[in-house]
Each structure stands twice: as structure tokens, then as C-alpha cells.
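Overview (structure and organization)
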Amino acid sequence: QVLLVESGGGLVQPGGSLRLSCLASGFTFSGYGMRWYRQAPGQERELVASITSTGHTGGYLDSVKGRFTISRDNARRTVYLQMNNLKPEDTAVYYCNAPAIYSDNGERLLEVWGQGTLVTVSS
């Protein structure tokens, strides 16, 4: 069973900070890159940040550069998204994503998504 579980979302004031976590299970986490996406109401899902299996940052959405940092702890099987100086336009459901993996059972999966965690930035 492959599972991604996000946590850390909530209500925060503009200018505040939040750290999202994604705990992975069911596959060899250290062997795959990971991504964070977000989807605001009425908007399409967009890629926020990506990271390689070894912790090299793959890139950031332009609007979050300098404010967000993606990182991972392979020993804890967790990928993080540190969000600083949050803005109202950051309000969205944030999703953890693992593309193109093999599960521990040998199953090929095109995409694995977490359930999402809601981030609301409002005064």
C-alpha cells in the first residue's frame, strides 16, 4: 500500500510561516523525487516545488521563490515545504506528489497523491 499523508496546514495571517509535512510509505522513498502542488478554489492545480531523491531542489513556482523551501529527510520518509512570508494568494489545498514510482509490492504507479492539506492565509 502506497500512501502519502500531508499535515501542517491551517489558518495563518499574512506574513506568517507554516511548514507542511508529507509522510510517505509503501515504496522506497529515498529512491524517488517528490513534488508539492497546490490548488486554489476555481484554479487548476499547479506545481509549487520539486526535489530529487538526494535532496537537490528541482525548482520553484515563480511566485513562491525566495519564500518557500522544499526539503526532505529520507530517514524519516518525509518531504517538507517551509512557507515563509505567506500571502493571501498562497491560500490553497497543498498536495504531496510522487510521480512514476514502483511500490514495495512491485506495482508501477504513474502518480501518487496525498489527500491534501488546506492552507488559508487571511487576516
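Okay, so let's go over this structure.

About the criteria used
- Residues numbered from 1 in each chain as written.
- Predicted model: local features only at pLDDT ≥ 70, side-chain atom pairs only at ≥ 80, totals over all residues.
- Heavy atoms only, no water.
- Core = buried A, V, L, I, M, F, W, Y, C linked by side-chain atoms within 4.5 Å.
- Buried < 20%, exposed > 50% of the residue type's maximum accessible area, 1.4 Å probe, protein only.
- Helix = DSSP H or I, 4+ residues; strand = E, 2+ residues; numbered from the N terminus.
- Contact = heavy atoms within 4.5 Å.
- Salt bridge = Lys/Arg side-chain N within 4 Å of Asp/Glu carboxyl O.
- Pairing = 2+ DSSP bridges.
- Axes fitted to C-alpha atoms, helices over the stretch in contact; angles between N-to-C directions.

**With respect to the nonpolar core**
Of all hydrophobic cores here, the largest spans 31 residues; its most connected members are Phe27, Met34, Trp36, Leu81 and Tyr94. Mapped by element, the contributors of at least two residues to this core are strand S3 (18-25), strand S4 (34-39), strand S5 (46-51), strand S7 (68-73), strand S8 (78-83), strand S9 (92-102), strand S10 (108-113) and strand S11 (117-121). Considering every element that reaches this core, the biggest residue donor is S9, with five residues. The residues contacting tyrosine 94, other than those within four sequence positions of it, are Glu6, Leu20, Trp36, Tyr37, Arg38, Val48, Phe68, Leu81, Met83, Gly116, Thr117 and Val119.

**Some details on the pattern of salt bridges**
Within this structure, the stated rule accounts for five salt bridges. With its nearest N and O atoms 2.9 Å apart, the salt bridge here joins glutamate 46 to arginine 38. Residue arginine 38 is classed as buried on the basis of its relative accessible area, which comes to 4%. Here aspartate 90 ties to arginine 38 by a salt bridge, and the two come within 3.0 Å at their closest N and O atoms.

**So, the sheet that holds strand S1 (residues 3-7)**
Consider a sheet: its strands pair through backbone hydrogen bonds, and that pairing is either parallel or antiparallel. Read across the sheet, four strands follow the order S1-S3-S8-S7 without closing on themselves; strand pairing throughout is antiparallel. Strands at the two margins of the open sheet, each flanked by one partner only, are S1 and S7. Between one strand and the next, the sheet's axes are offset by a mean angle of 15°, whatever the strand orientation. The sheet contact formed by S3 and S8 spans six bridges and is antiparallel. Paired with arginine 19 across the two strands is glutamine 82, which belongs to S8.

In short, shape yes, function no, at least from these values alone.
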